[in-house]
Each structure stands twice: as structure tokens, then as C-alpha cells.
Amino acid sequence: MLEPLNEGVLSRISDLLLCRWTCRHCCQKCYESSCCQSSEDEVEILGPFPAQTPPWLVASRNSDKDGDSVHTASDVPLTPRTSSPDGRRSSSDTSKSTYSLTRRVSSLDSRRPSSPLIDIKPIEFGILSAKKEPIQPSVLRRTYTPDDYFRKFEPRLYSLDSSSDDVDSLTDEEILSKYQLGMLHFSTQYDLLHNHLTVRVIEARDLPPPIAHDGSRQDMAHSNPYVKICLLPDQKNSKQTGVKRKTQKPVFEERYTFEIPFLEAQRRTLLLTVVDFDKFSRHCVIGKVSVPLCEVDLVKGGHWWKALIPSSQNEVELGELLLSLNYLPSAGRLNVDIIRAKQLLQTDVSQGSDPFVKIQLVHGLKLVKTKKTSFLRGTIDPFYNESFSFKVPQEELENASLVFTVFGHNMKSSNDFIGRIVIGQYSSGPSESNHWRRMLNTHRTAVEQWHSLRSRAECDRVSPASLEVT
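Residues numbered from 1 in each chain as written. Predicted model: local features only at pLDDT ≥ 70, side-chain atom pairs only at ≥ 80, totals over all residues. Heavy atoms only, no water.

## So, the sheet that holds strand β2 (residues 196-205)
- Read from one edge to the other, the open sheet built from four strands follows the order β5-β2-β1-β8, with strand pairing classed as antiparallel. Edge positions in the open sheet fall to β5 (251-259) and β8 (302-307), since each of these has one partner strand only. Strand-to-strand twist across the sheet, computed as the mean angle between neighbouring axes with direction ignored, equals 20°.
- Across the sheet, helix α6 (residues 172-179) lies against β1 (183-191) and β8, angled at about 35° from β8, the strand it touches most. (Pairing = 2+ DSSP bridges. Helix = DSSP H or I, 4+ residues; strand = E, 2+ residues; numbered from the N terminus. Axes fitted to C-alpha atoms, helices over the stretch in contact; angles between N-to-C directions. Contact = heavy atoms within 4.5 Å.)

Structure follows, in C-alpha cells:
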């Protein structure tokens, strides 16, 4: 009984040794005819593996399991495994397990996709914990189509009003029919002998009647127009015609000269603004005409009819005031010089204005002293050159405020308010604060500065000192 068994074992070992060195096909047949086929659980694989097995690898492994189980059940009879007395695997079992792993990896390589596309998040290095969260593929954001992109725009934010339209491409007839603000007749000529530019304001026609502030009805049947002339970008040195009462077809026939070199005049733009005079409120701008002087022959001269276009400036400025401040610490005196004013708001239709300046000293919120200049008849560009002195101790200087108010003198009724500024503790604006700061830093030295006049409501809103005066 032992001899046939030994002969069978020796034959199997010799067959196995010969087949391992022939070819892979022979090794496969030898393994399939073996009665001691190793299971998948007995194969020990050492080394790091990915946290999650790819889907294509799992599918390949399952298919291999099914194929091996079917083949073994049909072709190979089941025989019990033999093991060594010490519980270790025999050399034949180890060789079979190694070959099983080689065959499975080679078969999986043949079934693997060419270029798998896997979206993996970047690896984050941190403290290792017992509980690890699986890394999930990142979710791709939605790409916006052009329709979704432009749907977020609000067209009303990009709409243009009538004042921003390009009127250069329109004729005067088209501008007149579009805006219906009337036309202005004027002329220009440069005098090379005396180096000055002459601007002649002749007449206007078809001016619109004044409109109520609520836009629902007309205040009056006619306007009280006048024209302001300046050479941009300098709007400070402007000229102004007289006011023509109750007419939509005013005839001005007034000439104004600007002392300016010829080359500089060619770089300027002539701006003519038609304004409606209103005694009881702010003057309203009807329309404007702008002419670049580089586009006209200044020496030869010429006259034009131009259609008025809307102006972004709906109200006329109130004018400017030139002041000088000087403080003497040893004497405790605050000296104020009223030098001049220019382009004041006209308060009288017939003769311009009779302006004067009222100066009021306010300590804290208490009115202390009031002084005023003389009034000058029939002018909007008065020269005063008048000085005033107020007693202000140095310890009280930081709580002092000066209120300057320009009025138009009126013999029949109360004086007409033109404009106001406040300088000192409760200044009415940055320009006024800067002037006061410069005076405090330069004692015994006069500090001059131009100031733009403000409305009463604007000063009352920002300066408590303005509320304490009349």
C-alpha cells in the first residue's frame, strides 16, 4: 500500500519541477490538475494598499472568483489538504499561492481601462486619528452659460439720460426739436492788437416758460432770462448780462471782453448759460451752449445761432467772497478784512444788486457781536476793502465762530439773502475749516482765501453757529 502512494507523490513532484521551467501554459495545466489547490484566503500580501478599492478592480476580482469556482467544481475533484505537523505550509502550497497571485494580477492588468478619470481632492496632512474620514471626489461647479451671465445685469443702471447724449452728431434743428429749450445768437472776435477776446451776446428766442418745482403747472407766463459767460476751465472769472423781464425772446446786445493771450484763448471753451431769474428762490438754469474756440477763426470772427442743450447744473452758484483773517495773541484781537466779492447772485431785476456783508461773532452757541460793511449799488462784483476787529482772548479762541452773510440791500422791504459761510469752531465746510486752521498756525500774519457762498439751509444743517444768527 505504501509503494503506490510513494510513487504517486514522487511523480507529482517531478512533474511539477519539470513544468515550472517549461512554459506558462504547462504551469497552468499543472496547477489545475493539482489536488492541493490553495484558496484565496491563504494568500498573504504584504504592502500598502489604497484606502478604497477602485470599482474596476472589485468587478475584476468578483469575475475571477466566479470563474475559478466554476472551473474547480467541474474539472478538479475535491481532496483534503495536507499540512505539515507543525502547522506550516508546505513548499508546494507556497509555490501554488505565489503563482495564483501572479496569474490574477496579470489577468487584471489586461482588463484595466486605458486611462481612468478620477477626480481626487488634494491630500491634506494633519494629525492622524483613529477615525478616518473617506476622501470623496470633489463636486464640480456649474459652468454659467452666456444667458445666465447677462441675466444678472440690470439695464436701468446703464441707461443714459438726455444730458449725457452725444449732441455733437446732431444738427441745431434736431437739438431744438429734441430738447425744445430755444436758441441763442452770439458772436466772437479776437483783437490781436490789444490781446483780448470780445464776446457779444445778441439775443435769444423760443425760450421755454418757467415750470413749477413739482412739474405739474407753470408758475408764470414768461421768464426773466439773463446770460452768464465764461471761458472754461476757468469758471470763476465769468461775466453776466442784465436781466430781461417777462420775455421768451430777449434782446441783450451786450459785449464783454476777456484779457487773454491768443494761444491761450485757442485752448479755451466758450460757455454761455441762459438762466431764469427768480427773486424768491434760487435761479434756474434754462440751457447752455459750449463752443471750443479752437474750432473757430477768432481773428476773422463770426456769429452763430446755437440751440440750447440741458445743463447738469440746475441751480446757479451764489457767488464768492474773499476774506483775510489775522489774530494777535498779545492784544487778544481777531482782525477780519472783507476784501471783495464776485459773481454774486442778482437780487434786483433792473439794476443787479446792492450787496453788503454782515459779520457776526459767536462764542460757543451765543451771539456776541455784529458788524457789517457798507452796501454798493448796482453791482454783483463789489470791492469793499473794509477791516473789522473783535476782542477774543486766546483761551476763548478755540470756541469762537465767525458767520459771514451777504445780503442785497432793499429799501422797500427786508434785505434779500444771497449767501453765507461760517468759519471757526463750527465751520460750514472743509474750505472754511482749512482757513481757520491756517490762521491759528500763523499768528500775527494775515491769511487770505476765497470762499464759495452757501445757502442758509446748508449752513444751518452743518453749523450750530448759523442757527444762532439772523
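## Considering the side chain of T241
- Relative to the helices and strands, T241 is located in the loop between β4 (234-240) and β5.
- Reaching out from T241, the side chain makes a polar contact with the backbone nitrogen of V227 at a distance of 2.8 Å.
- Discounting residues that sit within four places of it in the chain, T241 has contacts with V201, Y226, V227, I229, F252, E254, Y256 and Q346. (Polar contact = N/O pair within 3.5 Å; in protein donor to acceptor, adjacent residues only side chain to side chain.)

## Some thoughts on the pattern of salt bridges
- Scanning all chains against the criterion turns up six salt bridges.
- Between E264 and R268 there is a salt bridge; the shortest N-O distance is 2.9 Å.
- Salt bridges sharing partners connect three or more residues here, namely E264, R267 and R268. (Salt bridge = Lys/Arg side-chain N within 4 Å of Asp/Glu carboxyl O.)

## Looking at the packing of aromatic side chains
- Tallied over the full model, the rule gives four aromatic pairs.
- Taken together, a centroid distance of 5.8 Å and an interplanar angle of 25° make the contact between F356 and F407 stacked. Residue F356 is found in strand β11 (residues 355-363), and its partner F407 is found in strand β14 (residues 400-408); the two are separated by 51 residues along the sequence. Each member of the pair, F356 as well as F407, carries the same accessibility label: buried.
- Through a chain of ring-to-ring contacts, three or more aromatic side chains come together here, namely F356, F407 and F417.
- In this arrangement the basic side chain of K239 is found over the ring face of F258, its NZ or CZ atom lying 5.8 Å from the centre. (Phe/Tyr/Trp six-rings, centres within 6.5 Å; stacked < 30°, edge-to-face > 60°. Buried < 20%, exposed > 50% of the residue type's maximum accessible area, 1.4 Å probe, protein only. Lys NZ or Arg CZ within 6 Å of the ring centre and 35° of its normal.)

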